[in-house]
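So the chains spell out like this:
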Amino acid sequence: MTRAPFRRFASPLAFAPVLAGGLLASAASAQFVEPAQQVLYTLRGAPGEFLGYYGNPIADVDGDGKRDLLLGAPFSDAAITNGGRVYLHSGATGALISTYTGTIGNEFMGQSVDDAGDLNGDGVHDIIAGAAGQPFNSSPGVRGRVLTFSGAPPFGLIWQVPGVNPSDRFGNNVSGLYSDLNGDGVPEVIASATLHDATGTNAGRVYILSGADGAVVRTMDGLANANNHGTAVCSIGDLDGDGKRDVVVAARNDGLPTRGGRAYIYSSATGLTIRPTLIPAPSAVDFGFFFMNSAGDFDGDGTDDVYINDFSDNSLGATTGKAYVFSGASGAEIAQFTGSMAGVGFGIGRMVTDADGDGRADLFVANWIGSAGATQAGQGLLFSSSSRAVLQTMTCNIPNTQAGFDGFGLNDVNNDGRNDYVLTGQGDSPATITRGDGVVYVLAGRVGPTFYGDMNCDGFITVGDIGGFVLALTDPVEYAVQNPACIMLAADTNRDGFVTVGDISGFVTLLTGP
């Protein structure tokens, strides 16, 4: 099943000329239901370019100590029809740092973009972008390309590599590997060609490419016709003890007879699988369709784990959606999160760095077509890895925005000690939604390392929190009335997902010390 905007853009469109992405700094929460939800800033795309179709954070490139923000706009006509564009913004302020513009028509550069690591040795991380042709569709005659750009002035092209065959969808998904495999001191990168025919029609192929020049270092192929190997790719920490980061590859049409999807973990050094195949629930539809990452250790065993989405899972009906976390240590499923009802498209997001101070990575996932705030307005949810409970919701109230078309963490960009988050959508007004301009919300996180026990959400645990804790335990509705900016689950000190008398001893310990 494909996401609705892919169908909307099924044919090349003649969009208006592109302007720089618009910036609106705001402390208001008018676009979101939660009164305490702060919008740090909003970015808006030029007509029809779909700014934020896909995005990712990148290590600090402007020297302010904060992660910065990469955003793809694959329908941009800045240089040529559907050439695409990538924007690099300051994560702290939203200010535009640089743009990278596609120069070949109908390549749709920017449908995938990531931090590539430092490829040119200047001490600043660089950018990798995919230009695979019409997103998630065959583009006859378009070979596709993978391009890398400098993250520092003059922000030029480092290298580009074309696809081997027309219509392979080379560049469908890209990622940094962040390890040097060939001994030249430059980290390699990962790119997929989901319709490559090496082992069968549209079986798919994933490449590890030299970060220095794009030369092929290693390939990993799909196992059968139509598997679409490489619908998502990412790197994961060293799992086989060879000192090199390893590779996770998803194939959304793998897994006969239902073709619900499969994922594989490979040694980057050998190209061989090093864990059992990652298999979704029987309700899977699009397991591993584009959104997948590893941001550390989710289960506390000291080994990096991997998040994989299926926004089309049909557990409770069409497009219920699921998100999975699998163990990097064993390949076993650690956690499974399911949408609350059919039709919300739950699952798009990323694993994110520890939000609640338990030392474990957490999960930020969206209901991209959820209607909790307005029809298909979208919603972001932050989940605890410890309790699996929702720590924070970010519920858009603008109809058809589809906030959560992409979603990911940005770490703390506003210096309040809490991680912040990004939700992208089609637009935030009838005109921008109809055109598909794209809108990007950078949202303040409300969960920090002192979250548990901090009942008045002032960043500290003191006797001033006692009344709030008692109220959360005895009258949660009144707690919410008296503390609209706070989150009641801060009282869940034993992190089981509930506030009960079992949390009293934990609160006392937090208040008085061990």
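First, a word on scope: everything that follows refers to the structure included in this document. (Residues numbered from 1 in each chain as written. Predicted model: local features only at pLDDT ≥ 70, side-chain atom pairs only at ≥ 80, totals over all residues. Heavy atoms only, no water.)

What follows is about the overall build of the protein. Of the regular secondary structure elements, the protein holds 5 helices and 28 strands. Entry remark: accessible area of the protein is about 16,800 Å², with carbon and sulfur atoms responsible for 56%. Charge-centre separation for the protein: the mean point of 26 positive side chains lies 8 Å from the mean point of 52 negative side chains. (Helix = DSSP H or I, 4+ residues; strand = E, 2+ residues; numbered from the N terminus. Areas by Shrake-Rupley, 256 points an atom, 1.4 Å probe, with all protein chains shown as cover. Lys, Arg positive; Asp, Glu negative; His and termini not counted. Charge placed at Lys NZ, Arg CZ, Asp CG, Glu CD.)

With respect to the helices and strands, the residue Gln379 is situated in strand β24 (residues 379-383). A polar contact of 2.8 Å, which involves the side chain of Gln379, links it to the side chain of Thr395. Those residues in contact with Gln379 that lie beyond four places of it in its chain are Val365, Ala366, Asn367, Ala372, Thr393, Met394, Thr395, Ala403 and Leu423. (Polar contact = N/O pair within 3.5 Å; in protein donor to acceptor, adjacent residues only side chain to side chain. Contact = heavy atoms within 4.5 Å.)

With that out of the way, let us pick up the packing of aromatic side chains. The final tally for this structure, using the stated rule, is 24 aromatic pairs. Here Arg252 stacks its cationic end above the ring of Phe289, 4.1 Å away from the centre of that ring. (Phe/Tyr/Trp six-rings, centres within 6.5 Å; stacked < 30°, edge-to-face > 60°. Lys NZ or Arg CZ within 6 Å of the ring centre and 35° of its normal.)

Attention shifts here to the environment of Ile128. Mapped onto the elements, Ile128 comes out in strand β8 (residues 126-131). Linking Ile128 and Val413, residues 285 residues apart in sequence, is a C-alpha distance of 23 Å. Residues within four places of Ile128 in sequence aside, it is in contact with Ser112, Val113, Asp114, Ala116, Val146, Leu147, Thr148, Val174, Ser175, Gly176, Val189 and Ile190.

Another aspect to go through is the pattern of salt bridges. One pass over the structure, following the stated rule, counts 7 salt bridges. With a shortest N-O distance of 2.7 Å, Asp428 and Arg44 are connected by a salt bridge. Of this pair, Asp428 sits in the loop between β27 (420-425) and α2 (430-435) while Arg44 is found in strand β2 (residues 39-44), placing the two residues 384 residues apart along the sequence. Arg350 serves as the salt-bridge partner of Asp406, at 2.8 Å between the closest nitrogen and oxygen. One end of the pair, Asp406, is in strand β26 (residues 406-411); the other, Arg350, is in strand β22 (residues 346-352), and 56 residues separate them in sequence. (Salt bridge = Lys/Arg side-chain N within 4 Å of Asp/Glu carboxyl O.)

Here we come to the sheet that holds β22. Pairing in this open sheet of 4 strands is antiparallel, and the strands run β22-β23-β24-β25 from one edge to the other. The sheet is open, and its two edges are formed by β22 and β25 (390-395), each paired on a single side. Across the sheet, the axes of successive neighbouring strands diverge by a mean angle of 20°, strand direction being ignored. (Pairing = 2+ DSSP bridges. Axes fitted to C-alpha atoms, helices over the stretch in contact; angles between N-to-C directions.)

Within soluble globular proteins, side chains that are nonpolar generally end up buried alongside one another. Ranked by internal contacts, the top residues of the largest apolar core, which has 45 residues, are Ile127, Phe337 and Leu363. In contact with Phe337, other than residues within four places in its own chain, are Phe298, Gly321, Lys322, Ala323, Val325, Phe346, Leu363, Phe383 and Arg388. (Core = buried A, V, L, I, M, F, W, Y, C linked by side-chain atoms within 4.5 Å. Buried < 20%, exposed > 50% of the residue type's maximum accessible area, 1.4 Å probe, protein only.)

Here the focus is helix α3 (residues 466-474). Among all positions of α3, only Gly468, Phe469, Leu471 and Ala472 are buried. The buried residues of α3 all sit within an arc of 165° when viewed along its axis, so they share a single face. α3 presents Gly467 and Thr474 as exposed residues on the side facing more than 90 degrees away from its buried surface. Residues of α3 that are buried sit in contact with α4 (476-482) and α5 (504-512). (Arc of directions from axis to C-beta.)

To continue, consider a nonpolar patch on the surface. A surface patch of nonpolar side chains, amounting to about 250 Å² of accessible area, comprises Val463, Ile466 and Val470. Turning to its location among the elements, Val470 is positioned in helix α3. (Patch = residues over 30% accessible without salt bridge, like charges linked within 9 Å, V, L, I, M, F, W, Y side chains within 5 Å.)

Looking now at unusual backbone geometry. Pro154 follows Pro153 through a cis peptide bond whose omega is 5°. Going from Leu256 to Pro257, the amide bond is cis rather than trans, its omega being 5°. Summarising the element assignment, Pro257 is placed in the loop between β16 (246-251) and β17 (262-266). Positive phi, close to 70°, is recorded for Tyr178, a residue that is not glycine.

The subject of this paragraph is the state of the cysteines. By definition, a disulfide links the sulfur atoms of two cysteines through a covalent bond. Per the counting criterion, the structure on display carries 1 disulfide. The residue that forms a disulfide with Cys457 is Cys486, at a sulfur-sulfur distance of 2.0 Å. Taking the torsion about the S-S bond as the criterion, the Cys457 to Cys486 disulfide, at about -65°, is left-handed. One end of the pair, Cys457, is in the loop between β28 (439-443) and α3; the other, Cys486, is in the loop between α4 and α5, with 29 residues separating them in the sequence. (Disulfide = S-S within 2.5 Å.)

In this section: the sheet that holds strand β5 (residues 85-89). Spatially, 4 strands are ordered β3-β4-β5-β6 in an open sheet, and the strand pairing comes out antiparallel. The sheet terminates laterally at β3 (54-58) and β6 (96-101), the two strands that pair on one side only. When strand polarity is set aside, the average angle formed by the axes of neighbouring strands in this sheet is 20°. As judged from the 5 bridges shared by strand β4 (residues 68-73) and β5, these two strands associate in the antiparallel manner. Across the sheet, Leu71 pairs through a bridge with Tyr87, a residue of β5.

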